[in-house]
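# An overview of the molecular structure
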Amino acid sequence: MLSFIDRIARFDPRTRWIGGGRTAIALAQLSIIALTPPAALLQPVVGQGPGPLCDSLRAITTYCVGGDAVSQEWRRWIMVALLCVIASGWRPRWTAIPHAWICLSLGMSTSLPDGGDQVARIVGLLLIPLALVDGRRWHWTTSSRPMRPFALGIASAFIIAIRIQVAAIYLNSAIAKFGTDAWVDGSAEYYYVRSLMFGASGWVGAVLLEVTKVPLFVAALTWGAILIEFAIAVLILGRAKWRRWAVFADLVLHGFIVLTIGLWSFAAIMVGTVLIAASASASEPASRAGAERRQRFVQSVRLGRRSRPVLESVE
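Along each chain, residue indices are assigned from 1 in the same order as the chain's sequence is written. Only residues with pLDDT of 70 or above have their local features reported here, since the model is predicted, and side-chain atom pairs are shown and tallied only from 80 upward, although totals for entire chains, interfaces and linings are computed over all residues. Think of the side-chain values as coming from all heavy atoms in the structure, minus any hydrogens and water.

What the protein chain contains, in helices and strands, is 15 helices and zero strands. The buried share of the protein chain, reckoned over its 315 residues, is 45%. Relative to all contacts within the protein chain whose residues are 6 or more apart in sequence, the contacts with residues 24 or more apart total 74%. Total accessible area on the protein chain stands at roughly 16000 Å², and carbon and sulfur atoms take up 68% of it. In DSSP terms, a helix is any run of H or I states spanning at least four residues, a strand is any run of E spanning at least two, and both are numbered starting from the N terminus. For each residue, the accessible area found with a 1.4 Å probe, counting protein chains only, is set against the maximum for its type, and the residue is called buried under 20%, exposed over 50%, and partly exposed in between. In what follows, a contact means two residues having at least one pair of non-hydrogen atoms within 4.5 Å. To be clear on the numbers: accessible area is Shrake-Rupley with a 1.4 Å probe, and residue cover counts the displayed protein chains and nothing else.

Bringing the side chain of arginine 75 into the picture now. Within the secondary structure, arginine 75 sits in helix H4 (residues 72-88). An unpaired buried charge is present at arginine 75: no salt bridge exists, and aspartate 68, the closest side chain of opposite charge, is 6.5 Å distant. We call two N or O atoms a polar contact when they sit within 3.5 Å, provided that within protein one can donate a hydrogen and the other can accept it, with sequence-adjacent residues counted only if both atoms are side-chain atoms. In terms of polar contacts, arginine 75 uses its side chain to reach the backbone carbonyl oxygen of valine 70, at 3.3 Å. Positive charges come from Lys and Arg, negative ones from Asp and Glu, while His and the chain ends are left out of the count. The term salt bridge refers to a side-chain nitrogen of Lys or Arg lying within 4 Å of a carboxyl oxygen of Asp or Glu.

Glancing now at the state of the cysteines. Here is the idea: a disulfide is a covalent bond, and it sits between the sulfur atoms of two cysteines. In what follows, a disulfide is any cysteine sulfur pair within 2.5 Å. Per the counting criterion, the structure on display carries one disulfide. Two residues, cysteine 54 and cysteine 64, share a disulfide whose sulfurs are 1.9 Å apart. Handedness here is read from the sign of the S-S torsion; for cysteine 54 and cysteine 64, about -85°, the answer is left-handed. Separated by ten residues along the polypeptide, cysteine 54 in the loop between helix H3 (38-41) and H4 and cysteine 64 in the loop between H3 and H4 bring together distant segments of the chain.

Our focus in this paragraph is helix H7 (residues 149-176). For a helix, the expected span equals 1.5 Å multiplied by the number of residues minus one. Here H7 is 28 residues long and its end C-alpha atoms lie 40 Å apart, about the 40 Å a rise of 1.5 Å per residue gives. Every buried residue belonging to H7 is among Pro149, Ala151, Leu152, Ala155, Ser156, Ile159, Ile162, Arg163, Val166, Ala167, Tyr170 and Ala174, and all of these are buried.

Geometry of aromatic contacts follows a simple scheme: Phe, Tyr and Trp rings, the Trp one being its six-membered ring, pair when their centres are within 6.5 Å, and the pair is stacked under 30 degrees between planes, edge-to-face over 60, tilted otherwise. Taken as a whole and assessed by the stated rule, the structure comprises five aromatic pairs. On the numbers, 5.5 Å between centres and 80° between planes, the contact of tryptophan 90 with tryptophan 94 is edge-to-face. Looking at tryptophan 90, the relative accessible area reads 30%, which means it is partly exposed. Residue classification places tryptophan 94 among the exposed residues on the basis of a relative accessible area of 53%. On the basis of an interplanar angle of 85° and a centroid distance of 5.3 Å, the ring pair of tyrosine 190 and tyrosine 191 is categorised as edge-to-face. A ring has a charge above it when a Lys NZ or an Arg CZ is no more than 6 Å from the ring centre and no more than 35 degrees off the ring normal. Sitting over the ring of tryptophan 183, lysine 177 keeps its end group 5.0 Å from the ring centre.

Turning our eyes to something else, we now look at a nonpolar patch on the surface. A cluster of nonpolar side chains, namely Leu57, Ile60, Val65 and Trp101, defines an oily patch on the protein surface of about 350 Å² accessible area. Residue placement: isoleucine 60 occurs in the loop between H3 and H4. Here the term patch refers to residues with relative accessible area over 30% and no salt bridge, with like charges joined within 9 Å and nonpolar side chains (Val, Leu, Ile, Met, Phe, Trp, Tyr) within 5 Å.

Side-chain pairs of opposite charge can arise whenever the charged atoms involved come near each other. A full pass over the atoms with the stated rule returns six salt bridges. The salt bridge involving glutamate 73 is made with arginine 76; its shortest N-O contact spans 3.2 Å. Placement of both glutamate 73 and arginine 76 in helix H4 is noted, with a separation of three residues, approximately one turn of the helix. For glutamate 73, a relative accessible area of 35% translates into the label partly exposed. Lysine 213 is the partner of glutamate 210 in a salt bridge, and the nearest nitrogen-oxygen pair spans 3.1 Å.

Rendered as structure tokens:
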């Protein structure tokens, strides 16, 4: 228990891992919005009618606020401008809420959001407390100023929530595959490679068509994907070294998905989310004052009380 408290006391969300993850997610969303006309994102679907969907909570999304007074083209380029700023890493404390708003909008008001949009919708909200305690000018830089105990506690709670969310996503994806015969018998990749809509193309497709003619290779690719998803779900909840392996496994998994069926924006969102979840849980105190402040935090938790000096040191 003490080691866990120590890790919380030494956690610092002001890392390039979280910054890089935010940028990856923002760039993926930027590619969707900038390169796709609003009419394509808001296509009518069976049972729903034309988009945007603006009922109940969806009324607060970027596609709905202001009603018909604001054209969808204007909304599109406003979101593009905001995402450029967010992706640059400028002032994470100020850009976290606009980013969460865009994440919520893509995941709720567009007609056919994919899995990446749904993940970004959740992670965007969970990132708000992490960003609000981050006073850096750019999220690519480091900070020598120690964080206050209250901020440490908030940041630790939400980074743990993101890790649990990532583990649940990959565990669910791996388990769900056992409900499909093609995944169970190891032949799923054979059909994905040859799909007329999503199959691999070009020289990559030619290579994969030959490789997947060998049953052993097809089974290895199919079951390998399941094993990697299980591995990510486990590793992301472990120590810092384990989480780095989770990032590597995620890059391999989504890199192969991009090669075979595309889904660039989905891959960028998932890799960015895993980067955020894998952020190192400990950093060396930046100063003697920072070390003393963190030591007081650990002692107060160990004693089961919050002393007044500790509370007075909260930002």
